[in-house]
Amino acid sequence: MPTTTEARGVPGATVLTADEREVLYALGCGLEDAEIADALALPGHVVAERISAVLGKLGLSDRAAAVVHAFDCGLVVPGQGPRRPVPAPGSTAGRRTGTASGPWLRVSLLGPLRTSLAGRPVDVGPLRQQAVLAALALSAGRPVSRRRLLDDVWGREMPDGNVVPVYVYRLRKSLRLGERPDPVIRRDRYGYALPRGVVEVDVLCMEDLVTRSGEAERAGDLSEAVRLCARALELFRGEPLAGLPGPLAESERLRLTGRRVALAQRKAGWQLTLGRHAEVIAELSALTREEPLNEPVAATLMHALRRGDRRAEALAVFDRTARRLADDLGVAPGDVLVRARRAVLRGDGAGTGRVRAGAA
């Protein structure tokens, strides 16, 4: 965020103090007094005093004029700053859409960790420090104790010294937005937390989209359910939390990888119901190459190929999966794959394996 507006040639703006510019910025972002007080950790009467000082120093008549001034002087830039009020901590208003408005900080975990602050990439330090940030991001706004962070990030490899406060201090420095006085990582008697209103985490956005896709299915709108599920899958950029150390990162890698596969199968079930066999074949053919031992995925692909009158290819999927199961695990195909083969051989509609909404 700019510290002055002198470069933009707007007279009078530089008479504001840094604290008053913070208030002007918040006004330009559309925040109300209570939201400004929460975002800046200030009492309500202090916010009112600073707004009055801003209006007086700049010769502005009211709040609406202050909003216009914030844009005119470049303090809030269209497309680069929040365009809607930032929700208070604990609110879900800012993450229902998963859009670019609102949060100052974005943490992406559905792939290698990526962090951006006000739209700009941020280097958040070495791997263990990244793992601390990931643990806080996965807590969905709930405080995480120092003991829990040590267990999640270091496990049995306990470090020497009091490293958690050191890493939190470094993260706070990296994640400070301009002259904002309040740290993005907050602490109370329960531990450390990333407040939801100012932080967007792709894992939470993904789960929100999944919930909405289930709501669409229950409302009978399978096309919308497919669209929302596709948006959730698009958030995956590779192996979740790739390269991050610690027990939490390892368990979340496994969970989120399985989540992605379950969502892809769920979406395929809806697509088959809608008659979109070609889409399912293309998407699940790629997924079976990534997950050659996943029998439900292979079975769903077989049903799609059968419905597309590609029975020979469907049987080839069975044979290929059966060989991998025998070679890698020493087991025979399970019931779901055997039923899919039987349906292909009969050429009937039995055993379609449609995925229920609750399966994912």
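Now for a look at the structure at hand. Bear in mind that the values here come from a model prediction, so they are computed numbers and not experimental data. (Residues numbered from 1 in each chain as written. Predicted model: local features only at pLDDT ≥ 70, side-chain atom pairs only at ≥ 80, totals over all residues. Heavy atoms only, no water.)

## Regarding the packing of helix 12 (residues 295-307) against helix 14 (residues 335-346)
Then, number 1: Across the interface, helix 12 lies against helix 14 with an axial gap of 8 Å and an inter-helix angle of 10 degrees. Our classification of the angle between helix 12 and helix 14 gives roughly parallel. Of the residues in helix 14, those in contact with Glu295, Pro296, Ala298, Ala299, Met302, His303 and Arg306 of helix 12 are Val336, Leu337, Ala340, Arg341, Ala343 and Val344.
Then, number 2: Per-class residue counts for the contact of helix 12 with helix 14 are nine nonpolar, one polar and three charged. (Axes fitted to C-alpha atoms, helices over the stretch in contact; angles between N-to-C directions. Helix = DSSP H or I, 4+ residues; strand = E, 2+ residues; numbered from the N terminus. Parallel < 35°, antiparallel > 145°, perpendicular 65-115°, else oblique. Contact = heavy atoms within 4.5 Å. Nonpolar A, V, L, I, M, F, W, Y, C, P; charged D, E, K, R; others polar.)

## Considerations on the packing of aromatic side chains
Then, number 1: Counted by the stated rule, this structure contains one aromatic pair.
Then, number 2: Their ring planes at 25 degrees and their centres at 5.8 Å tell us that Trp154 and Tyr167 sit as a pair that is stacked. In this pair, Trp154 sits in the loop between helix 6 (146-153) and helix 7 (163-174) while Tyr167 sits in helix 7, placing the two residues 13 residues apart along the sequence. Summarising the burial analysis for this pair, Trp154 and Tyr167 share the class buried.
Then, number 3: The lysine or arginine in question, Arg341, covers the ring of Phe318, its NZ or CZ lying 5.2 Å from the ring centre. (Phe/Tyr/Trp six-rings, centres within 6.5 Å; stacked < 30°, edge-to-face > 60°. Buried < 20%, exposed > 50% of the residue type's maximum accessible area, 1.4 Å probe, protein only. Lys NZ or Arg CZ within 6 Å of the ring centre and 35° of its normal.)

## So, the pairing of strand 1 (residues 105-108)
Then, number 1: Relative to strand 2 (residues 114-117), strand 1 runs antiparallel, the two sharing four bridges. Counterpart to Arg106 in the pairing with strand 2 is Ser116.
Then, number 2: In textbook terms, the turn of a hairpin is the stretch between consecutive antiparallel strands, and for strand 1 and strand 2 this stretch comprises five residues, one of which, Gly111, has a positive phi near 150 degrees. (Pairing = 2+ DSSP bridges.)

## Describing the packing of helix 10 (residues 247-273) against helix 12
Then, number 1: Put simply, helix 10 and helix 12 touch, their axes get as near as 10 Å, and they point 20 degrees apart. Here helix 10 is positioned roughly parallel relative to helix 12, judged by the angle of their axes. Crossing angle aside, the handedness with which helix 10 passes helix 12 is left-handed. Two secondary-structure elements touch here, helix 10 through Val261, Gln265, Ala268, Leu272 and Thr273 and helix 12 through Pro296, Val297, Thr300, His303, Ala304 and Arg307.
Then, number 2: Across the contact of helix 10 with helix 12, the residue classes tally to six nonpolar, four polar and one charged. (Left-handed = near helix turned anticlockwise from the far one by under 90°.)

## Quick look at unusual backbone geometry
Then, number 1: With a phi angle near 55 degrees, Ala140 is a residue other than glycine that sits in the positive phi range.
Then, number 2: With respect to the helices and strands, Ala140 occurs in the loop between helix 5 (127-138) and helix 6.
Then, number 3: Positive phi is not limited to glycine here, since Leu241 has a value of about 50 degrees.
Then, number 4: What makes Leu241 buried here is its relative accessible area of 1%.

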